[in-house]
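Here is how the chains run, residue by residue.
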Amino acid sequence: MSENTRVPMAAGNWKMNLGRDSARKLVDELRNLSYSLESVQILVAPPALLLPLVADWVSGSRVMVAAQNMHWEARGAFTGELSASMVREAGATHVILGHSERRHVFGESDDWIRRKVGAALAADLVPILCVGEKLEEREAGRTLDVVGRQLSIALDGVGADDGAKIVVAYEPVWAIGTGKTATPADAREVHAFVRRSLAETWDGETAGRAHILYGGSVKPSNIAGLIAEPDIDGTLVGGASLTAEQFVPIVKSSMKR
Ligand code: PEP
């Protein structure tokens, strides 16, 4: 596997939170931080209605913007949905796909997520592909089976050129929004497995260029142990990404030593 050239990423998934004023305040702080912290990629995923505004506020800085979801079709009768080109036009460069809330609250299937990954790449959006097991799956010893299945279906048809751009976020469902975090050792096992799976899908060099983030109750108090793991290339953060008080220390601690 090639030398690690991955610049760590701190990504904030705001979910259905923050209005225009609170978003502006947070983005201004991240924007300022980005000028002095070149060794971390900062990304925010605001609610869709705020995408063009946030993209405008961060322009000229190193803060990047992601959508939280999108549809795979280019246009049509899909009430409430957004296409990849709409997301791109709104100023996003990335899109979160297959988040556990999309999978388990809104019933998205592996096959839908596969179509979304293809549509995102075709529109020049970087997919942040979320994978992760439920508590009962972990307790049944099925974590790697579940993550392996989610990866192989979602990445079916994706070539090595696109593979290097992909961001995978390992987010154990039992750790999301629960305050329970995977231990660095738990995360290490799954991240190493994801890296191996990507190498089997493409090749070692491509797998070595893809980012694998950890997500699930990341906080300023637990980021250091996670980021110290060689295969953890950053974090996808929900609750603690909503205020500068919590997110700024996470971003600062995301540098690899
Ligand atoms: C998430 O929603 O992707 C997430 C990891 O949430 P939290 O940090 O709140 O657990």
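Residues numbered from 1 in each chain as written. Predicted model: local features only at pLDDT ≥ 70, side-chain atom pairs only at ≥ 80, totals over all residues. Heavy atoms only, no water.

**Student:** Residues and numbers for the overall build of the protein chain, please.
**Tutor:** What the protein chain contains, in helices and strands, is 12 helices and eight strands. What you see for the protein chain is a C-alpha radius of gyration of 17 Å, in line with the 18 Å of a compact globule of 257 residues. Summarising its shape, the C-alpha atoms of the protein chain cover approximately 45 × 45 × 35 Å along the three principal directions. Here the protein chain, with 257 residues, has 52% of them falling under the buried criterion. Restricting the contact set of the protein chain to residue pairs at least 6 apart, pairs at least 24 apart contribute 73%. In the protein chain, 28 positive and 32 negative side-chain charges are present, and the distance between their average locations comes to 3 Å. (Helix = DSSP H or I, 4+ residues; strand = E, 2+ residues; numbered from the N terminus. Rg over C-alpha atoms; globule rule 2.2 N^0.38 Å. Buried < 20%, exposed > 50% of the residue type's maximum accessible area, 1.4 Å probe, protein only. Contact = heavy atoms within 4.5 Å. Lys, Arg positive; Asp, Glu negative; His and termini not counted. Charge placed at Lys NZ, Arg CZ, Asp CG, Glu CD.)

**Student:** Talk me through the environment of Trp14; I want residue IDs and the actual numbers.
**Tutor:** Position of Trp14 relative to the elements: it lies in the loop between β1 (9-13) and α1 (20-36). For Trp14, a relative accessible area of 0% puts it in the buried group. If we ignore the near neighbours within four places in the chain, the residues touching Trp14 are Ala23, Leu26, Val27, Val44, Ala45, Pro46, Pro47, Leu50, Val54, Gln68, Ser241 and Leu242.

**Student:** Just give me the short version of the site of the ligand, but keep the residues and values in it.
**Tutor:** Around the ligand, the surrounding shell holds 14 residues, and the nearest of these are Lys15, Glu171, Gly177, Ser217 and Gly238. Contact distances for the ligand include 2.6 Å between an oxygen atom and a side-chain N or O atom of Lys15. One nitrogen or oxygen atom from the main chain of Ser217 is found 2.8 Å from an oxygen atom belonging to the ligand. For the ligand, the protein covers 96% of the area, taking 290 Å² as the surface of the free molecule. Considering only residue class, the shell around the ligand consists of four nonpolar, eight polar and two charged. (Near = heavy atom within 4 Å. Polar contact = N/O pair within 3.5 Å; in protein donor to acceptor, adjacent residues only side chain to side chain. Areas by Shrake-Rupley, 256 points an atom, 1.4 Å probe, with all protein chains shown as cover. Nonpolar A, V, L, I, M, F, W, Y, C, P; charged D, E, K, R; others polar.)

**Student:** Summarise the side chain of Thr235; cite the residues concerned and give the values.
**Tutor:** Relative to the elements of secondary structure, Thr235 occurs in strand β8 (residues 234-237). Given a relative accessible area of 0%, Thr235 falls into the buried group.

**Student:** Go over the sheet that holds strand β3 (residues 63-67), please, and point to the residues and values.
**Tutor:** Spatially, β1-β2-β3-β4-β5-β6-β7-β8 is the arrangement adopted by the eight strands of the closed barrel, whose pairing is parallel. Going from strand to strand, the sheet's axes swing by 25° on average, the running direction of each strand aside. As defined by bridge partners, β1 adjoins strand β2 (residues 41-45) across five bridges and the pair is classed as parallel. Following the sheet pairing, Ala10 is matched in β2 by Ile42. Strands in contact with α1 are β2 and β3; relative to β2, the strand with the most contacts, it is inclined by about 165°. In the packing of helix α7 (residues 143-154) onto the sheet, the strands contacted are β5 (126-131) and β6 (167-170), and the crossing angle to β5 comes to about 155°. (Pairing = 2+ DSSP bridges. Axes fitted to C-alpha atoms, helices over the stretch in contact; angles between N-to-C directions.)

**Student:** I'd like a description of the nonpolar core, backed by residues and values.
**Tutor:** Grouped together as the largest cluster of nonpolar side chains are 69 residues, with contacts concentrated most on Leu30, Val54, Met70, Val117, Leu198, Tyr214 and Val251. In contact with Leu30, not counting residues within four places along its chain, are Ile42, Val44, Val63, Phe247, Val248 and Val251. Judged by nonpolar contacts, the second largest core, of 14 residues, contains Met9, Leu43, Ile96 and Leu236. (Core = buried A, V, L, I, M, F, W, Y, C linked by side-chain atoms within 4.5 Å.)

**Student:** Summarise helix α5 (residues 110-122); cite the residues concerned and give the values.
**Tutor:** Helix length check: α5, at 13 residues, gives a terminal C-alpha distance of 19 Å against a target of 18 Å (1.5 Å per residue), a fit within 8%. When we look at burial in α5, the residues that qualify are Asp110, Ile113, Lys116, Val117, Ala119, Ala120 and Leu121. Among the structural elements, α3 (84-89), β4 (94-97), α4 (100-104), β5, α7 and α8 (160-163) are those in contact with the buried residues of α5. Once α5 finishes, Asp124 follows within two positions and takes phi at roughly 65°, a positive value. (Expected span 1.5 Å × (residues − 1).)

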